[in-house]
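Coordinate analysis (summary)
Read off the chains here:
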Amino acid sequence: MNKIIAFAGSNSRQSINKQLVTYAARLVENSKMDILDLNDYELPLFSVDKEKEFGHPNNAYRFLEQIKSADGIIVSLAEHNGAYTAAFKNLLDWISRIEGKTFFGKPMLLMGASDGKRGAKSVLDIAQDRFPRHDADIVDVFSFPLFYKNFSEGKIVNSELDMELKSKVKKFQETFKLVSKTNC
């Protein structure tokens, strides 16, 4: 059985991205799923001075260990002013100082949700450029617009968007079958 980690790139307790990533995670079949919350990995604001003085925080190591132990990653990025949230960027800064190849070549389903029409496309563009440099194997990308119109009671209510996500989750899940066949 594959182990998948899923998380939102947000520390908001009512994060729409956490709602989306939780829904997507439930669509993955025959896998052990761990849904992570960035609030469980609080970190001081990154600076090279703090790194020199105190080293790397335990929570950065804990989060990195979650990635290492996973077979795949589903992440849904919140967009603040067209970029990562401060909480996610800070986490990425810390863990990438411990391990530059932060994502260890793991298959990733990259998503982003917003309440606007663009569906977090700006932050997704940034991540699509940046994450492969940290050894992410981005299998597919899902942009989810108009969250409050298209999502209700824990699921996508727009049938076209729901079918699109289910197709991308299936593609993501297929990567594990391919890896298993290659390792035989």
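All values derive from a computational prediction rather than experimental measurement. (Residues numbered from 1 in each chain as written. Predicted model: local features only at pLDDT ≥ 70, side-chain atom pairs only at ≥ 80, totals over all residues. Heavy atoms only, no water.)

**Brief notes about helix α3 (residues 58-69)**
A rise of 1.5 Å per residue sets the reference length of α3, with its twelve residues, at 16 Å; its end C-alpha atoms lie 16 Å apart and thus fit the reference within 8%. Residues Asn59, Ala60, Phe63, Leu64 and Ile67 constitute the buried set of α3. Around the axis of α3, the buried residues are gathered within 135° of arc, so they sit on the same side. Tucked inside the fold, the buried residues of α3 contact β1 (2-8), β2 (31-36), β3 (72-77) and α4 (86-98). (Helix = DSSP H or I, 4+ residues; strand = E, 2+ residues; numbered from the N terminus. Expected span 1.5 Å × (residues − 1). Buried < 20%, exposed > 50% of the residue type's maximum accessible area, 1.4 Å probe, protein only. Arc of directions from axis to C-beta. Contact = heavy atoms within 4.5 Å.)

**A word on helix α5 (residues 121-130)**
The set of residues buried in α5 consists of Val123, Leu124 and Ala127. The buried residues of α5 occupy an angular sector of 100° when the element is viewed end-on, so they sit on one face. Where the residues of α5 are buried, they touch β3, β4 (107-113) and β5 (137-144).

**A short note on the sheet that holds β4**
What links the strands of a sheet is backbone hydrogen bonding, and the strands pair in either a parallel or an antiparallel sense. Across the sheet, which stays open at both edges, the five strands sit in the order β2-β1-β3-β4-β5 with parallel pairing between neighbours. The outermost strands of the open sheet, each flanked by one partner alone, are β2 and β5. This sheet shows a mean twist of 15° between the axes of neighbouring strands, independent of strand direction. Bridge count between β3 and β4: five bridges; the pairing is parallel. Residue pairing in the sheet places Leu77 in a bridge with Gly112 of β4. The strands that α5 touches are β3, β4 and β5; relative to β5, the one it contacts most, it runs at about 175°. (Pairing = 2+ DSSP bridges. Axes fitted to C-alpha atoms, helices over the stretch in contact; angles between N-to-C directions.)

**Let's talk about the pattern of salt bridges**
Scanning the entire structure with this criterion turns up ten salt bridges. The residue Lys32 makes a salt bridge to Asp34 at a minimum N-O spacing of 3.1 Å. Here Lys32 falls in the partly exposed class, since its relative accessible area comes to 43%. Where salt bridges share partners, they join Asp140, Glu164, Lys168 and Lys171 into one cluster. (Salt bridge = Lys/Arg side-chain N within 4 Å of Asp/Glu carboxyl O.)

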